[in-house]
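Next come the chains, spelled out residue by residue.
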Amino acid sequence: MRLLSFWTMQRLVIFLILVGSAFAQNAGAARGAPSSQAAPVAQANSTKAKALLDQAIQALGGEAYLNIQDVSQQGRTYSFHHGETTSTGVLFWRFVKFPDKERIEVTKQRDIAYVYNGDRGYEITYKGTAGEETKVLTDYLRRREHSLEWVLRRWLKEPGVALFYEGAALAADKPADQVSVMNAKNESVTLYLDTTTHLPIKKTFTWRDPADKLLNTEEEVYDAYRPTQGIMTPYSISRFYNGDMSNQRFLNTVTYNTGLNDSMFQARTTYDPTTPPAQK
């Protein structure tokens, strides 16, 4: 069994303080006694976390960042297995229409595409259109729901969200402030924010595999920020899985709010790759 980290324990302690304080308030009110003041340490911690997240959003572009409707990217992506690259890189074109539509085209001919619309995913090749494999789709949806965009643009608006400042840290060899966001479903994402620019350096979250019950850690590291249409955009994104690099993306071009058509994200299954071809 993996031990809880120091910061996970601290987060739990702060959460218990908040719950205990609320219980004391309710108990005091029931007795007719003056309600106790909310725990000042926990409140100050949450306030600091919110201030840092507000700074991060402003650094990313403020209202321009929050109001992104769609994004188009072109670049090169590299896959890794156990930390070792598996190719010399693949050209890709990525189109996202928030909150839940995405299309990725790969190879120079752009003849392979992956389309995601809501909770459905498809793979399009010369053979036709097939539904995405269950595990691949599940992994994709998990990453999307814990993405930087969803955390800063959706989670923070949801009721029941809790914020935790977890102190100074080092992320990608840069000094950072560590902040965690926990939603009402008890899902948590930790962000590392540059102490100078306030931009996100790294994002991390954990999840437990329902099959083997082991805890897995997924991380993204953001680098090579450039101002693009008033939005600070990372042109280098590295993804890690349980400490090993699993993917790297280097962007060449990024454009925002071009009015992507919904038809780009529509797909219909035309064949089942698990079904053997008919005998001639």
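The rules behind these values
Per-chain numbering applies: the sequence of each chain, read as written, is numbered from 1 onward. Since the coordinates come from a predicted model, pLDDT governs what is reported: local features require at least 70, and pairs of side-chain atoms require 80 or more to be given and counted, while whole-chain, interface and lining totals use all residues. To get the side-chain values, all heavy atoms of the structure are used, and hydrogens and water are removed first. Classification of ring pairs uses Phe, Tyr and Trp, with its six-membered ring standing for Trp, and accepts pairs whose centres are within 6.5 Å; under 30 degrees between planes counts as stacked, over 60 as edge-to-face, and the remaining range as tilted. In this text, helices come from DSSP runs of H or I with a minimum length of four residues, and strands from runs of E with a minimum of two, each type numbered from the N-terminal end. Only protein chains enter the accessibility calculation, which uses a 1.4 Å probe; a residue whose area is less than 20% of its type maximum is buried, one above 50% is exposed, and one in between is partly exposed. Geometrically, a lysine NZ or arginine CZ counts as sitting over a ring once it is within 6 Å of the ring centre and also within 35 degrees of the ring normal. DSSP bridges decide pairing: two strands pair if at least two such bridges lie between them. In these notes, a set of buried Ala, Val, Leu, Ile, Met, Phe, Trp, Tyr and Cys residues joined through side-chain atoms within 4.5 Å is what counts as a nonpolar core. Residue contacts follow a heavy-atom distance rule, with two residues in contact if any of their heavy atoms lie within 4.5 Å. Any Lys or Arg side-chain nitrogen located within 4 Å of an Asp or Glu carboxyl oxygen qualifies as a salt bridge. Known as pLDDT, the predictor's per-residue confidence is scaled from 0 to 100.

## Let's talk about the packing of aromatic side chains
In this structure the tally under the stated criterion is two aromatic pairs. Both rings, one in Tyr-78 and one in Phe-250, keep their centres 6.0 Å apart while their planes meet at 80°; by these two values the pair is edge-to-face. Here Tyr-78 is found in strand S1 (residues 70-81), whereas its partner Phe-250 is found in strand S14 (residues 244-256), with 172 residues between them in sequence. Look at Tyr-78 and you get partly exposed, because its relative accessible area is 21%. Residue Phe-250 is classed as partly exposed on the basis of its relative accessible area of 34%. Arranged with centres 3.7 Å apart and planes meeting at 15°, the rings of Tyr-116 and Tyr-140 form a pair that is stacked. With Tyr-116 in strand S5 (residues 112-117) and Tyr-140 in helix H4 (residues 134-145), the pair connects residues that are 24 residues apart, well separated along the chain. For Tyr-116, a relative accessible area of 5% translates into the label buried. Stacked on the ring of Tyr-165, the Lys or Arg Lys-48 has its end atom at 5.0 Å from the ring centre. In this structure, Arg-153 is placed above the aromatic ring of Phe-98, and the distance from its NZ or CZ to the ring centre is 4.5 Å.

## Thoughts on the pairing of strand S7 (residues 128-131)
Of the pairings in the sheet, the one linking strand S6 (residues 120-125) to S7 comprises four bridges and is antiparallel in character. Its bridge partner lying in S7, Tyr-122 is registered against Gly-131. Where S6 folds back on S7, the antiparallel hairpin that results is connected by two residues.

## Considerations on the nonpolar core
One finds Leu-53, Tyr-65, Leu-152, Val-179, Leu-191 and Leu-193 to be the most contacted residues of the largest nonpolar core, which totals 34 residues. Broken down by element, the residue count for this core peaks at six residues, all from helix H2 (residues 40-60). Setting aside chain neighbours within four positions, we find Tyr-65 in contact with Leu-60, Leu-148, Glu-149, Leu-152, Arg-153 and Ile-231. Ranked by size, the runner-up nonpolar core spans five residues in total, among them Ala-171, Ala-176, Tyr-192 and Ile-201.

## Notes on the pattern of salt bridges
Applying the stated criterion across every chain yields a total of 14 salt bridges. Across the pair Asp-54 and Lys-50 runs a salt bridge whose closest N-O atoms are separated by 2.9 Å. Taken together, the residues Asp-54 and Lys-50, both in helix H2 and four residues apart, mark about one turn of the helix. Its relative accessible area of 35% is what places Asp-54 among the partly exposed residues. Residue classification places Lys-50 among the partly exposed residues on the basis of a relative accessible area of 44%.

## With respect to unusual backbone geometry
In the segment running from Phe-98 into Pro-99, the intervening peptide bond is cis, with an omega of 10°. Tracing the chain through its elements places Pro-99 in the loop between strand S3 (90-97) and strand S4 (101-106). The phi dihedral of Asn-186 falls on the positive side, at around 70°, and the residue is not glycine. Along the polypeptide, Asn-186 turns up in the loop between strand S9 (174-182) and strand S10 (188-194). Looking at Asn-186, the relative accessible area reads 58%, which means it is exposed.

## A few points about the pairing of S14
By the bridge criterion, nine bridges tie S1 to S14 in an arrangement that is antiparallel. If you follow Arg-76 over to S14, its bridge partner there is Phe-250. Across six bridges, strand S13 (residues 231-241) lies against S14 in antiparallel orientation. What sits directly across from Ser-238, in S14, is Gln-248. Connecting S13 to the antiparallel partner S14 that follows it, the hairpin turn spans two residues, and Asn-242 within it adopts a positive phi of roughly 50°.

## Description of the confidence of the model for the protein
Confidence in the prediction for the protein averages 88 pLDDT; 85% of positions are at 70 or higher. Scored below 50 in pLDDT, residues 1-7 shows six contacts in the model against residues more than four places distant or in partner chains.

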